[in-house]
Amino acid sequence: MVLNKSLFICLSLLFLSSSIQAEEDFTHYAFANYLGSGLYRTSGQNTTVVNMPMSFELWQDDTDSLTLRTPVSLGFFNFKWDDLPEGELPSSVGTFTFTPGVEYRTRTAEDHELQAYFDLGYGKNLNSGNHVAIISGGVSSLLELEYKKSAPVWVNRLYFAGYQSFDGSQAETYSAIQSGFDIGTDIHWRWDWLGVDVEPRVFAVGYWYFDKLRFATPFGDDVLVSHSLEVGATLAFSKPILWEWMGIDRLGLSVRAGDGVQVWRLIFEFPI
C-alpha cells in the first residue's frame, strides 16, 4: 500500500531533504525547504523531501522577536521503492542545501501575530556539480479564534522563492498564497508525556501558485501546479522535544493533492 510505504520512508529518512531519481535537477532541490517535507508523486515518479529545521532566538520581548533560522537539507539519488521491503536506504548523498535567514514576529493585538522572513542560501547537486544561490521571503498573518477550548488559528501567508545556478544556465522562481485553519481537539484528548503537554490537532490548508509551480520528472511530462489542498493531523507539544535548537514542536502526517501531484507529508513543525 502507498500509505505504508510512505510512513516507512518518512520515518526512516527523518534527517534527509530532497531525493530525486536522476543526475539532473528535477523539481529543483533548491525549493526543498519551502515545499515542505513529504513524499511527492508526480506522473508516476517519486520525490522524497524531509527537512531538518533548526533555529536560534536572537532577541525577544513581550510583543516582538527575532529568530535566526538555519535549516539544512540533504538529498539522495538512485533510491527505488523496490528497496523498501529489504530495508535498504540510499547510500550516497546527492544534494545539499543550506538556507539561513531571519524571521521577525510581532504581536499587533492580543489575538493576532504578524510574521516576516527573508532567506539567502546555497545549494549543491553533489552528483552533477551544479551550484545554486537560493533566495526566499514572505509575510504571514496568524489570527487566534475562539471556539470552545479548541483554540483554532487562521493562517494566511504570501511568499516567493527562487534560485539561480552559479553558471547562469538554470533559474526558476515561484510565488504562492496559502490560507488554512489549525484547530485543537477536546481537552479530554490531551495528556502529559514526560513533562510535556501533548494536544492532538487537525488542519486544512489551500495553496494557490501565481506563476504555477513546475514539477519536472525524469521519465514523464512536466506537471504544472496552480493549486492544491492539504489536510492532516498533528500532535502539538507544549515545548520543543528532542533538541530545543531543532525546534520540533509538532509531529504529524498529512496528504496534499492537486493538478496531478500527490504528497504524503511528515510534519515536524507548525503545519500551515
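First things first, this report covers the structure right here in the doc. Bear in mind the structure is a predicted one, so any value in this text is a computation, not a measurement.

1. A short note on the side chain of glutamate 113
Okay, so step 1: Residue position: glutamate 113 is located in strand E9 (residues 112-125).
Okay, so step 2: Residue classification places glutamate 113 among the buried positions, given a relative accessible area of 14%.
Okay, so step 3: Among the polar contacts listed, one links the side chain of glutamate 113 to the side chain of glutamine 115, at a separation of 2.7 Å.

2. Focus: unusual backbone geometry
Okay, so step 1: The backbone of alanine 151 sits at a positive phi, close to 50°, despite the residue not being glycine.
Okay, so step 2: With respect to the element layout, alanine 151 can be found in the loop between strand E10 (131-144) and strand E11 (153-165).

3. Points about the environment of leucine 235
Okay, so step 1: Within the secondary structure layout, leucine 235 lies in strand E15 (residues 223-241).
Okay, so step 2: Residue classification places leucine 235 among the partly exposed positions, given a relative accessible area of 29%.
Okay, so step 3: When the C-alpha atoms of leucine 235 and aspartate 249 are compared, they prove to be 8.4 Å apart, with 14 residues separating the residues in sequence.
Okay, so step 4: Setting aside residues up to four positions removed in sequence, leucine 235 forms contacts with Trp191, Val198, Glu199, Pro200, Asp249, Arg250 and Leu251.

4. Things to note about the nonpolar core
Okay, so step 1: Of all hydrophobic cores here, the largest spans 26 residues; its most connected members are Phe31, Tyr174 and Tyr209.
Okay, so step 2: Mapped by element, the contributors of at least two residues to this core are helix H2 (32-35), E10, E11, strand E12 (171-184), strand E14 (196-215) and strand E17 (261-267).
Okay, so step 3: Here phenylalanine 31 is in contact with Ala161, Gly162, Tyr163, Glu172, Thr173, Tyr174 and Leu213, once residues within four sequence places are set aside.

5. Let's talk about the pairing of strand E5 (residues 64-69)
Put simply, side chains in a regular strand alternate between the two faces of the sheet.
Okay, so step 1: As paired elements, strand E4 (residues 55-60) and E5 share five bridges and run antiparallel to each other. In the strand pairing of E5, glutamine 60 is matched with serine 65.
Okay, so step 2: Hairpin remark: E4 followed by E5, antiparallel, with three residues in the connecting loop.
Okay, so step 3: Pairing of E5 with strand E8 (residues 101-109) involves six bridges; the strand directions are antiparallel. Of the residues in E8, the one forming a bridge with threonine 67 is glutamate 103.

6. Quick look at the packing of aromatic side chains
Pairs of aromatic rings are described using the distance from one ring centre to the other and the angle between the two planes.
Okay, so step 1: As enumerated under the stated definition, the model contains six aromatic pairs in all.
Okay, so step 2: A centroid spacing of 5.9 Å and a plane angle of 65° characterise the contact between tyrosine 122 and phenylalanine 166, whose relative ring orientation is edge-to-face. Taken together, the residues span a long stretch of sequence, with tyrosine 122 in strand E9 and phenylalanine 166 in the loop between E11 and E12 at a distance of 44 residues.
Okay, so step 3: Residue classification places phenylalanine 166 among the exposed residues on the basis of a relative accessible area of 56%.
Okay, so step 4: Grouping aromatic residues by their ring pairs yields a cluster made of Phe31, Tyr159, Tyr163, Tyr174 and Tyr209.
Okay, so step 5: The ring of tyrosine 117 has arginine 69 lying over it, and the distance from NZ or CZ to the ring centre is 4.6 Å.
Okay, so step 6: Over the face of the ring belonging to tyrosine 207 we find arginine 256, whose NZ or CZ atom lies 4.1 Å from the ring centre.

7. Observations concerning the pattern of salt bridges
Okay, so step 1: Evaluation of the coordinates by the stated rule reveals 11 salt bridges.
Okay, so step 2: Notably, a salt bridge pairs glutamate 113 with arginine 105, separated by 3.8 Å at the nearest N-O pair.
Okay, so step 3: Note that arginine 201 and aspartate 182 form a salt bridge whose closest N and O atoms lie 2.5 Å from each other. In this pair, arginine 201 sits in strand E14 while aspartate 182 sits in strand E12, placing the two residues 19 residues apart along the sequence. We note that arginine 201, like aspartate 182, is buried.
Okay, so step 4: Salt bridges linked by common partners bring Arg69, Glu103, Arg105, Arg107, Glu113, Asp119 and Glu144 together as one network.

8. Notes on the environment of alanine 151
Okay, so step 1: Among the residues examined, alanine 151 registers a relative accessible area of 41% and is labelled partly exposed.
Okay, so step 2: With 31 residues separating them along the chain, alanine 151 and aspartate 182 place their C-alpha atoms 8.5 Å apart.
Okay, so step 3: For alanine 151, the residues in contact, after removing those within four places along its chain, are Leu145, Asp182 and Arg201.

9. Focus: a nonpolar patch on the surface
Okay, so step 1: On the surface, a cluster of nonpolar side chains totalling about 740 Å² of accessible area is made up of Leu58, Trp59, Val102, Tyr104, Phe118, Leu120, Ile135 and Phe160.
Okay, so step 2: Among the elements of the structure, E4, E8 and E9 are those that each provide at least two residues to the nonpolar patch.
Okay, so step 3: Look at phenylalanine 160 and you get partly exposed, because its relative accessible area is 37%.

About the cut-offs
Residues numbered from 1 in each chain as written. Predicted model: local features only at pLDDT ≥ 70, side-chain atom pairs only at ≥ 80, totals over all residues. Heavy atoms only, no water. Helix = DSSP H or I, 4+ residues; strand = E, 2+ residues; numbered from the N terminus. Buried < 20%, exposed > 50% of the residue type's maximum accessible area, 1.4 Å probe, protein only. Polar contact = N/O pair within 3.5 Å; in protein donor to acceptor, adjacent residues only side chain to side chain. Contact = heavy atoms within 4.5 Å. Core = buried A, V, L, I, M, F, W, Y, C linked by side-chain atoms within 4.5 Å. Pairing = 2+ DSSP bridges. Phe/Tyr/Trp six-rings, centres within 6.5 Å; stacked < 30°, edge-to-face > 60°. Lys NZ or Arg CZ within 6 Å of the ring centre and 35° of its normal. Salt bridge = Lys/Arg side-chain N within 4 Å of Asp/Glu carboxyl O. Patch = residues over 30% accessible without salt bridge, like charges linked within 9 Å, V, L, I, M, F, W, Y side chains within 5 Å. Areas by Shrake-Rupley, 256 points an atom, 1.4 Å probe, with all protein chains shown as cover.

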